[in-house]
Amino acid sequence: MVDTLTPVLTANWGAERSWTLASYEQHGGYAGLRTALGMAPDDVIAAVKDSGLRGRGGAGFPTGMKWGFIPQDNPKPKYLVVNADESEPGTCKDIPLMMASPHTLVEGVIISSYAIRANKAFIYIRGEVLHVIRRVQAAVAEAYAAGHLGTDIHGSGYDLDVVVHAGAGAYICGEETALLEGLEGRRGQPRLRPPFPAVAGLYASPTVINNVESIASVPSIVANGADWFASMGTEKSKGFGIFSLSGHVTRPGQYEAPLGITLRELIDLAGGMRAGHELKFWTPGGSSTPLLTAEHLDLPLDFEGMAEAGTMLGTRALQLFDETTCVVRAVLRWTEFYKHESCGKCTPCREGTWWLVQTLARLEKGEGREEDLDLLLDQCDNILGRSFCALGDGATSPISSSIKFFRDEYLAHLAHGGCPFDPAASTVFATAGAQA
Amino acid sequence: MTSTPEKTSGAQPDVELVQVTIDGIEVSVPKDTLVIRAAEQVGVQIPRFCDHPLLEPVGACRQCLVDVPDAGNGRGFPKPQASCTLPVAPGMVVNTQATSEVADKAQQGVMEFLLVNHPLDCPVCDKGGECPLQNQAMSNGRGESRFTASGGVKRTFPKPINLSPQVLLDRERCIVCQRCTRFADEIAGDPFIALVERGAQQQIGIAESAPFLSYFSGNTIQICPVGALTSESYRFRSRPFDLVSTPSVAEHDACGSAIRVDHRRGKVMRRLAGNDPEVNEEWITDKDRFAFTYAGLEDRLGYPQVRDRVEDGGDGSLRPASWPEAFAVAARGLAAAGATAVLTGGRMSTEDAYAYAKLARVSLGTNDIDFRARPHSTEEERFLAAHVALGTPGSGAVTYADLESAATVVLAGLEPEDEAGAVFLRLRRAARHGTRVLAVAPYLSRGLGKLSAHLVPTAPGAEAAALAAMVEHAEHGVDATTVVLVGERLATSPGALGAAAELAARTGARLAWVPRRAGDRGAVEAGCLPTLLPGGRPVADAAARVDAAASWGVASLPETPGRDADAIVAALLAGEVGGLVVGGVDPADTPDPAATRAALAAASFVVALDLRETEVTRVADVVFPVAAAVEKAGTFVNWEGRARAFEAVLPSPSALPDLRVLAGISEELAALGRGAALGFRTVDEVRAEMADLGAWDGERPALETTGAATGQPAGEGVALSTWKQMIDDGAMQAGDKHLAATARPAVARLSPATYAAAALSGASVTVVGDRGELTLPVEQVPGMVDDVVWVPSASFGTSVLERLASPGSRVSLKGASL
C-alpha cells in the first residue's frame, strides 16, 4: 500500500536542514527554474495547462487556464500573488510545506511569474504563523543572494522581486479578493466581481492569485514534463496533492498521494484510526466542506468524486473523528469559528452566523426543540448562495451535512437534556478505553 | 426610497438599448443598466439598502436578491443574484420577488437576518415612519421574529456616539450597508468614517483624532436607510408623520440647490436635500441643511419702527409703528432727503431685487443702486453686463452637466468647496471621471486636492497674468472643451475678469461666473447695478431705457449711469446723496466697514429692511421687518442662470416680503409727487411684470479689456489672500451651535519660505494690515506661493475687511504667541 504515496513536494522534507538553499539544490532544486528560463513564457503556460494542474486552494480551477486569462496586451504591470493565508480549520499543508521546503515555493513563484510576465510577486502569509513568515523571508533572501531573484536572473534578462507579506489575522483574507484588499493596505473584505483579478486585481492590474501548493507544483511540472504530472491522479483530477490527516488517527500528518486515493487507503497509511475506535465522520477538505461518514471511505478523493458525494475536495484537509466525538459539539465549534471570522460585509453571513451559533448552542445544551433543526436548515438555506463570498456558504456546510447524517444525535441532545457524550473521551488525554 | 430619478432635460446621447424580460414583461433599457433599476421600469420595486443610484454598487446587504433563470446566454445563475450589482444583458430573464418564490424567500431570509441584531426601537427612533428598513420589513419580511421566538440574544452597543459635533451614530441600529462611508469617500471626498471590527461587531467608526468633519456630513443622515445616523439638531425633535414637507431652494449660496423644508406647527424642524438631477442631485451642504434657525431667533424684527427724530421734537429713539405709518414716514423722509441711493445685499430673491431696482428708477429717480455688499470693481460691473446677464441654460450658458462633460475646468477666484458646495460636488464627480481641474489660486487647498486639481500658483492680484498666460500655454491645453469658472473674488484683482473673458474668447472655452450669495445672480438680472436695468438693459443705451420706461408706463428713466456701492458710500459722506434705502447689508462685509458706518451716520435719512436687528437697523430712521426666504415666495437665479422658484413655506404674520414694503413706500412717494408707484404688491404680480418686461434683445455692451495684464502687484509686505469658509460667522448661520462646532478653525496659511523669511518661530502669526492686526495659528503649506498669507474672511468674530486690511492692500507678518 505504501507505494501509493508519490512524494514530490514532500520528497525532501526529511533532509537535513531541508529549508536551506543548499539542501534544496542538493536535491535537484532550481533545476526547473533553469529549464523554464530557457523556454518561452507561453510554453511554460502551455506546459502547466497540459499537465492538468488544478488549483490546490480548494476550488480546483485549472491553473494554466487562469494564467492564460492574463491580458498580455494590458500595459499595466502584471502581478503574481501567492495565497499562503492558510486558515481553514483542519487545513495544514501549505504551512508545513513552507516550513520544510520554502524554496519549492520560491522556485515555483519565479517560474510562474516568468510565465505570466510579472516582475513582482507577493507571498501573502497568514499573520499568526510568524515562524513560517521568517522562514520564507529567509528563503527569499537566500534566493536573491544566489541570483535566483532580482534583476537579469541567470542572464535571462528577466527581473523579479518577491515581497513576503504578513497577514493580520483574518480568515477572510484567504478569499482572494479580500487578500488583495489586505495586500493593498485596506480592510480585508471581498471585492465585487467583475472585474476579476485577472483583469483588475492588485492595484487594478492583471493579477494571478494561486495557492502555495499550486505554485509549488509548478517546478516539478517544468522539470519532469506535463505528461509526467498528468500520468498521476484521475482523468479530470490530475497529479498529486498533499493530504493532511488530523484527528483520531494513529499517525496524523501530511501524506502526498495522487488525487483519487481513498480515505481508507490513507487511514491505512496513517496506521489506522485511534486504537480501539472507529471512524464516525470526517471532512474531505476542511470544515467548509460538507462532512462525510464511514460509508464514504472508499470514494475517490478527487474533485469529481467528492462533488458526486455532495461535498468538495477542498484543501484535502481530512479531519477524522471517531465515535467518541459529539457531532453537535464539533459543528458548534466550527460555527463559532465562522461567526468569529465573518468579515461583516454582507448580511447573511454576518447576522446568520451570529444566529446559527445561538441556535446550535441551545441544541447542544438540550434546550431547543425538534423544530429548531428545521429552523437551522432554513437559516442555512437563507445563507447558502445568498452571501457575498464563499465564507457564508462554508459556514452552512457542517450544519446541513451533520443534520443530514446525524439527525438522531441532535435529537438525542433534546431527549437527554444536554450532550450525551463525555467530552473528555474524544481528547488525546482520554483514559484508555474511555467510552462515549 | 431611493428610486432613480429621471432626468427631465439635457441632451441624451444615443444609447444602446438592451432588451430584457423582468417578471415576464419585456423592457428595453440602456446598456449597463443594473437589474434593480431596470425592474423599476416595469414597476417592480426590489427592496434594497446598500444600493443608491448615486453611489458605486457594493452588493453588501443582499436584500435585492432576484432569480435569474437566463443570464442572456441561455444559462441561468444557480444562485439568486444581487440585482444592484448585476448589469442587464440582451435576452436576460429576471424574476423578482413578484414572480419568483426563490427570490421572495431569499429576500425574506435576508430581511430576517437584518432584524436579528436590529434593536427594533422604532417607537423611539427618529427614522420611524420614514424608515426603509421599517417599510421594507413590512413589505418583504415576516410579521413574527423567529429569532426572538427562539430566545435569541441581540448584540448591543452603548447608545449613540458622536461621529462629529453634529452627527451621531447609534451602532445598534446600523445595518452596515456602507452608504455613509461610500458617500464620504466617493462623493464628499472626506473618508473620515470607515468600517471597523468584523462580523456582528462590525460598525462605523472614526479615528480617535479625526472626527467626521465634512461640509457634506448631513447627507449621510439622509441616506441612512435606518435610524443609525442622526443630527444633534433634529434628533428627538419630531416624528416624520407630524411634519409637513414643502419643496424649496437653499438660500445660502448661488448653487440653487433643491431642498425640502419639514415643518410642524409653524416651525421649521429640519431641512433635507431635494432631488434635482440637473442641479444638486440628492446632496446639499451642511449649511443648507442645518442653517435655518436664523429666521427664528430672539432678535428677529417683529414690527415696523420709526425714529422720533430729535429735530422733530422726539427723543431720537426708534419706536414701534404701524405699517401704514412706517410707509408714510419712510416716503416723507426720502422725499425730503433729496438724492437717494439703494444698497441691497446679495441675499434678495430676484423678485425683491427687481422691486429695489424699479424703486430706484421710477420712485427715487436714480441709478445709484448696487447689490454688491463686498469688494467690487467697475470692471466687474462691465463683465457682468457683457458676459453674465441674460445667460441661461437654455441659451448656452454653462451648466452643472457641462462641468461633467468638460475636458478641463479652470477655477479662478473660486474655492468651490467653501463658496459653492454643489459645484464642488459636481466638479469632484467630474474629476473622478477624468475632467482635469486647473486652479488659479495661491495654494492647493484641501478642497482643491479633493478635485485632484492642478495648481497654477498665483498670488492675489496676479490672476490676470496667470489667465493670460493660459491662452497659449500648451501644457494647460485650454480649448473649446474647457469651462472657465470665475468667482466673485476676481473683482478684487485688476484685469482678471477681463483676462478670463479674453481667455474664453481666444480659446473658445466657455465662461461662467459663480458668485457666493444666492441673490447675486438674480440681482444682475433684476438690474440692481448702476449701469444695468432689469433684463440686462444697459442704462447707457437710450433704446433700452425707452424699452423699460414703456413697459413700466413712465415717461423716462434716469439717464446718468449710477454710482456703485463704493461711490454711494463716498457720496453719502460727501453729502451728495442724502437718502439711503438699505436692505440686508452687513457693514462688515463691505469693502470699507468704517466708511459704510460713517456713511450711514452721515445720511440724512435711512430706510432699513432687514430680518433681525443689525447695526444698520439701529441707526436707521425707519425699519421694516421683512420676510425670511422660508416665509415668502421667490426665485433665486443660480450661477448657471437657472431660475429656481420657490413658494412660501410658512406664513409670517409680522413681516412682509421686501417687494411689498417697497411697494408701500413707492405708493406713499407717488402720493407726495415723487415718481410712480411700483404697480405691484405681490410676488405673483412681480413675476408677471418681469415676464412681461422680458430680456433685452438689443445690443449688449462689450467688455473692453485692457489687453495687457497688470502683472504682479508690488509693494511692501506680503499679499493677502482671503475668502469666506463655508461655515463661519455668517449672520444666516446663527442659532445652531452644533453646526458652528463643525466649522474649520481659523488659521493663517503661508509657505515655509514665507514663514522663514518673516523670521517666525512659534505656532502663531500676527498679520498686520492697514486696518489692524490679527493673530492666528499658523499653518505652513508646502507649494504655496511665496509672499502670500491666507486668512479666512470671517471666522474669528469679525471680518478681515473690518479688522485687518483694505481690499488689495498688502500686509506684514510678525511673530506671536497665542
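Rules used in this analysis
- All residue numbers refer to position in the chain's written sequence, counted from 1.
- Starting at A for chains and at 1 for ligands, labels are handed out in the order in which the entities are written.
- Given that the model is predicted, a residue must reach a pLDDT of at least 70 before its local features are reported, and side-chain atom pairs must reach 80 or more before they are shown or counted; all residues, however, enter totals for whole chains, interfaces and linings.
- Only runs of H or I of at least four residues qualify as helices and only runs of E of at least two qualify as strands under DSSP, and these elements are numbered from the N terminus.
- With the radius of gyration taken over C-alpha atoms, the globule rule is written as 2.2 Å times the number of residues to the power 0.38.
- Neighbour density around each residue's C-beta defines its exposure: 20 or more other C-beta atoms within 10 Å make it buried, 12 or fewer make it exposed, and counts between make it partly exposed, where C-beta atoms are placed from the backbone.
- Once C-beta atoms are placed from the backbone, any two residues with those atoms within 7 Å are in contact.
- The reported arc concerns the directions from the helix axis to the C-beta atoms and nothing else.
- DSSP bridges decide pairing: two strands pair if at least two such bridges lie between them.
- Working convention: axes come from line fits to C-alpha atoms, limited for helices to the stretch in contact. Angles between N-to-C directions cover 0 to 180 degrees.
- To count as a nonpolar core, a set of buried Ala, Val, Leu, Ile, Met, Phe, Trp, Tyr and Cys residues must be joined through C-beta atoms within 7 Å.
- How sure the predictor is of each residue is captured by pLDDT, a score from 0 to 100.
- Geometric relationships in this document are graded by angle, where less than 35 degrees denotes roughly parallel, more than 145 denotes roughly antiparallel, 65 to 115 denotes roughly perpendicular, and other angles denote oblique.
- Classification used: nonpolar for Ala, Val, Leu, Ile, Met, Phe, Trp, Tyr, Cys and Pro, charged for Asp, Glu, Lys and Arg, polar for all others including Gly.
- A helix is expected to reach a length of 1.5 Å times the quantity of its residues less one.

Engineer: Explain the overall build of chain A to me, and be specific about the residues and the numbers.
Structural biologist: Each helix and strand counted, chain A has 17 helices and nine strands in total. Compactness check: chain A gives a C-alpha radius of gyration of 22 Å against a globular reference of 22 Å for 436 residues, within 12% of the reference. Reported as C-alpha extents along the three principal axes, the dimensions of chain A are approximately 75 × 45 × 40 Å. Counting over 436 residues, chain A shows a buried share of 57%. Residue pairs in contact within chain A that sit at least 24 positions apart in sequence constitute 70% of those at least 6 positions apart.

Engineer: Could you give me a rundown of the overall build of chain B, with the residues and numbers involved?
Structural biologist: On a plain count of helices and strands, chain B comes out with 26 helices and 35 strands. Its C-alpha radius of gyration of 29 Å places chain B within 12% of the 28 Å reference for a compact globule of 818 residues. With the C-alpha coordinates aligned to their principal axes, the bounding extent of chain B is approximately 85 × 60 × 55 Å. Out of the 818 residues in chain B, the part that is buried amounts to 58%. For chain B, the share of sequence-separated contacts (at least 6 apart) that also reach a separation of at least 24 residues comes to 71%.

Engineer: Tell me about helix 20 (residues 593-602) of chain B, residues and numbers included.
Structural biologist: Along helix 20 of chain B, the residues classified as buried are B:P593, B:T596, B:A599 and B:L600. The buried side chains of helix 20 of chain B occupy one side of the element, clustering within an arc of 120° when seen end-on.

Engineer: Got a sec to walk through the sheet that holds strand 25 (residues 579-583) of chain B? Specific residues and values, please.
Structural biologist: All names here are of chain B. In spatial order, the strands read 15-14-27-26-25-16-17; together these seven strands make up an open sheet with mixed pairing. Edge positions in the open sheet fall to strand 15 (318-320) and strand 17 (369-370), since each of these has one partner strand only. Across five bridges, strand 16 (residues 340-344) lies against strand 25 in parallel orientation. Its bridge partner lying in strand 25, T344 is registered against G583. Sitting on the sheet, helix 19 (residues 565-574) is in contact with strand 16, strand 17 and strand 25, with an inclination near 135° to strand 16.

Engineer: Explain the sheet that holds strand 2 (residues 120-125) of chain A to me, and be specific about the residues and the numbers.
Structural biologist: All names here are of chain A. Here four strands make up an open sheet; going across it, the order is 3-2-1-4 and the pairing parallel. The sheet is open, and its two borders are formed by strand 3 (161-166) and strand 4 (207-211), each paired with just one other strand. Strand-to-strand twist across the sheet, computed as the mean angle between neighbouring axes with direction ignored, equals 20°. One ladder, built from six bridges, connects strand 1 (residues 79-84) with strand 2; its direction is parallel. Bridge assignment links N83 to a residue of strand 2, and that residue is Y124.

Engineer: Before we move on, could you go through the nonpolar core and cite the residues and values that matter?
Structural biologist: Counting residues in each nonpolar core, the largest one holds 389 residues, and the members touching the most others are A:V82 and B:A500. If sequence neighbours within four positions are ignored, B:A500 has contacts with B:A412, B:L467, B:V484, B:V486, B:L490 and B:L511.

Engineer: Help me get a handle on the environment of B:E56, residues and values and all.
Structural biologist: All names here are of chain B. Counting through the fold element by element, E56 comes out in the loop between helix 1 (35-41) and strand 3 (65-70). Placed 200 residues apart in sequence, E56 and G256 show a C-alpha to C-alpha distance of 26 Å. With near-sequence residues (within four places) excluded, E56 lies in contact with R182 and E186.

Engineer: Could you give an account of the pairing of strand 27 (residues 622-625) of chain B, with specific residues and numbers?
Structural biologist: Residues and elements named next belong to chain B. Here strand 27 shows a buried face lined by V622 and F624 and a second buried face lined by V623 and P625. With two bridges joining them, strand 14 (residues 305-307) and strand 27 adopt antiparallel strand pairing. From the neighbouring strand, V306 faces strand 27, where its bridge partner is V622. Sheet topology note: the strand 26 (residues 605-610)/strand 27 ladder contains four bridges and is parallel. For L609, the partnering residue across the bridge sits in strand 27 and is F624.

Engineer: Run through the confidence of the model for chain B, naming residues and quoting values.
Structural biologist: Residues and elements named next belong to chain B. Here chain B averages 94 in pLDDT, and 97% of its residues register 70 or above. A low-confidence stretch, residues 5-11 (pLDDT under 50), is modelled with eight contacts involving residues beyond four sequence positions or located in other chains. Among the prediction metrics, the complex's ipTM stands at 0.95, with pTM recorded as 0.95.

Engineer: Can you explain the environment of B:L693? Please cite residues and give values.
Structural biologist: Residues and elements named next belong to chain B. Relative to the helices and strands, L693 is located in helix 23 (residues 683-693). A count of 20 C-beta atoms within 10 Å places L693 in the buried class. Sequence spacing of L693 and A549 is 144 residues, and the spatial spacing of their C-alpha atoms is 9.9 Å.

Engineer: So what's going on with the packing of helix 10 (residues 378-388) of chain B against helix 16 (residues 496-507) of chain B? Which residues, and what values?
Structural biologist: Residues and elements named next belong to chain B. Packing of helix 10 against helix 16 brings their axes to within 9 Å, and their N-to-C directions diverge by 30°. On the basis of the axis angle, helix 10 is roughly parallel to helix 16. Side by side, helix 10 and helix 16 meet where E379, E380, F383 and H387 of the first sit next to L497, G498 and A501 of the second. A breakdown of the residues in the contact of helix 10 with helix 16 according to their chemical character gives three nonpolar, two polar and two charged.

Engineer: Which residues make up helix 14 (residues 327-341) of chain A, and what values go with them?
Structural biologist: Residues and elements named next belong to chain A. Along its 15 residues, helix 14 runs 21 Å from first to last C-alpha, staying within 8% of the 21 Å computed at 1.5 Å per residue. Among the 15 residues in helix 14, eleven count as buried, and that is most of the element. Taken as a whole, helix 14 has its buried residues at V327, V328, A330, V331, L332, W334, T335, F337, Y338, K339 and E341. Among the structural elements, strand 7 (279-283), strand 9 (317-322), helix 15 (347-364) and helix 17 (390-416) are those in contact with the buried residues of helix 14.

Engineer: Before we move on, could you go through unusual backbone geometry and cite the residues and values that matter?
Structural biologist: Residue and element names in this part refer to chain A. In this structure, the amide linkage connecting R193 to the following residue, P194, adopts the cis form with an omega of -5°. Within the secondary structure layout, P194 lies in the loop between helix 8 (176-183) and helix 9 (197-200). The amide bond that connects P194 to the next residue, P195, takes the cis arrangement and shows omega of 0°. With a phi angle near 70°, Y30 is a residue other than glycine that sits in the positive phi range. Assignment of secondary structure puts Y30 in the loop between helix 1 (21-26) and helix 2 (31-37).

Engineer: Just give me the short version of the environment of B:A648, but keep the residues and values in it.
Structural biologist: Residue and element names in this part refer to chain B. Here A648 is to be found in the loop between strand 29 (643-646) and helix 22 (658-671). Overall, the presence of 17 C-beta atoms within 10 Å leaves A648 in the partly exposed class. With 52 residues separating them along the chain, A648 and R700 place their C-alpha atoms 35 Å apart. The contact partners of A648, leaving out residues within four places of it in the chain, are E631, K632 and A633.

Engineer: Just give me the short version of the packing of helix 3 (residues 41-51) of chain A against helix 10 (residues 212-224) of chain A, but keep the residues and values in it.
Structural biologist: Residue and element names in this part refer to chain A. Contact geometry for helix 3 and helix 10: axes closest at 10 Å, N-to-C directions at 100°. Classed by the angle they form, the pair helix 3 and helix 10 counts as roughly perpendicular. Contact with helix 3, carried on its side by V44, A47, V48 and S51, involves V218, I221 and V222 of helix 10 and no other residues of that element. Here the contact of helix 3 with helix 10 is built from residues that sort into six nonpolar, one polar and no charged.

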